[in-house]
Amino acid sequence: QVPVAESGGGLVQPGGSLRLSCAISRDVFPIFTWAWYRQAQGDQREEVAKIDSAGITYYSDSVKGRFTISRDNGANTVDLQMTSLGPDDTAVYFCNILAHNSRGAPRIYWGQGTQVTVSS
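Since the model is a prediction, treat every value here as computed from it, not as a measurement.

Caption draft 1: Region of interest: the environment of Ser 25. Among the structural elements, Ser 25 can be located in the loop between strand E3 (18-24) and strand E4 (31-39). With a relative accessible area of 13%, Ser 25 lands in the buried category. Beyond its immediate chain neighbours, meaning those up to four positions away, Ser 25 contacts Gln 1, Val 2, Pro 3 and Asn 76.

Caption draft 2: The pattern of salt bridges, seen in detail. A complete count under the given rule lists 5 salt bridges for this structure. Salt-bridge contacts for Glu 46 lead to Arg 38; the nearest nitrogen and oxygen are separated by 2.9 Å. When its relative accessible area of 6% is taken as the criterion, Arg 38 is described as buried. Residue Arg 38 pairs with Asp 89 through a salt bridge whose shortest N-O separation is 2.8 Å. One end of the pair, Arg 38, is in strand E4; the other, Asp 89, is in the loop between strand E8 (77-82) and strand E9 (91-100), with 51 residues separating them in the sequence. Note on accessibility: Arg 38 and Asp 89 belong to one class, buried. Here the salt bridges share partners, and the residues they tie into one network are Arg 38, Glu 46, Arg 66 and Asp 89.

Caption draft 3: Representation of the pairing of E4. Summarising burial for E4: 7 of the 9 residues are buried, a large majority. Both E4 and E9 contribute to a ladder of 8 bridges, which runs antiparallel. Of the residues in E9, the one forming a bridge with Trp 36 is Cys 95. Here E4 runs beside strand E5 (residues 46-52); their pairing, made up of 6 bridges, is antiparallel. When the bridges of E5 are listed, Thr 33 appears paired with Asp 52.

Caption draft 4: Representation of the nonpolar core in the model. Ranked by size, the top nonpolar core spans 29 residues in total, and within it Ile 24, Trp 36, Leu 80, Met 82, Tyr 93 and Ile 97 carry the most contacts. Looking at this core, the elements with two or more residues in it are E3, E4, E5, strand E7 (67-72), E8, E9 and strand E11 (114-118). In terms of residue count, E9 provides more of this core than any other element does, 5 residues in total. Leave out the neighbours within four places in its chain, and Met 82 touches Gly 16, Ser 17, Leu 18, Leu 20, Arg 66, Phe 67, Tyr 93 and Val 116.

Caption draft 5: Region of the structure containing the sheet that holds E7. Within the open sheet, the 4 strands sit side by side as E1-E3-E8-E7. Their pairing is antiparallel. Both edges of this open sheet fall to strand E1 (4-7) and E7, since each of them pairs with a single strand only. When strand polarity is set aside, the average angle formed by the axes of neighbouring strands in this sheet is 15 degrees. Relative to E3, E1 runs antiparallel, the two being bridged by 4 bridges.

The rules behind each value
- Residues numbered from 1 in each chain as written.
- Predicted model: local features only at pLDDT ≥ 70, side-chain atom pairs only at ≥ 80, totals over all residues.
- Heavy atoms only, no water.
- Helix = DSSP H or I, 4+ residues; strand = E, 2+ residues; numbered from the N terminus.
- Buried < 20%, exposed > 50% of the residue type's maximum accessible area, 1.4 Å probe, protein only.
- Contact = heavy atoms within 4.5 Å.
- Salt bridge = Lys/Arg side-chain N within 4 Å of Asp/Glu carboxyl O.
- Pairing = 2+ DSSP bridges.
- Core = buried A, V, L, I, M, F, W, Y, C linked by side-chain atoms within 4.5 Å.
- Axes fitted to C-alpha atoms, helices over the stretch in contact; angles between N-to-C directions.

In structure tokens:
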């Protein structure tokens, strides 16, 4: 199985909501940060939300107040609840995990991405 895998993307109307989920392999540990990035067509990839091991969250200005990141240690998932979606939120959304390998070296994991399209 792949280390991380996103799901939940799709087509949603403006003003709608969508929840993305990232499933993380139990082999990926210890984890230091869980994050969501997105990349719109023709644009650079940007971080939109992050949560660290202490539960501290970060949101980009463009999504603050509309998106919520959460993690479930039991299920080993990190979710992104998105509300009040608009066309500018259309992008491929990626799960990003900062962990350490067995030697204690930092290691970055990326999911394959899930498409979110906000359109009427």
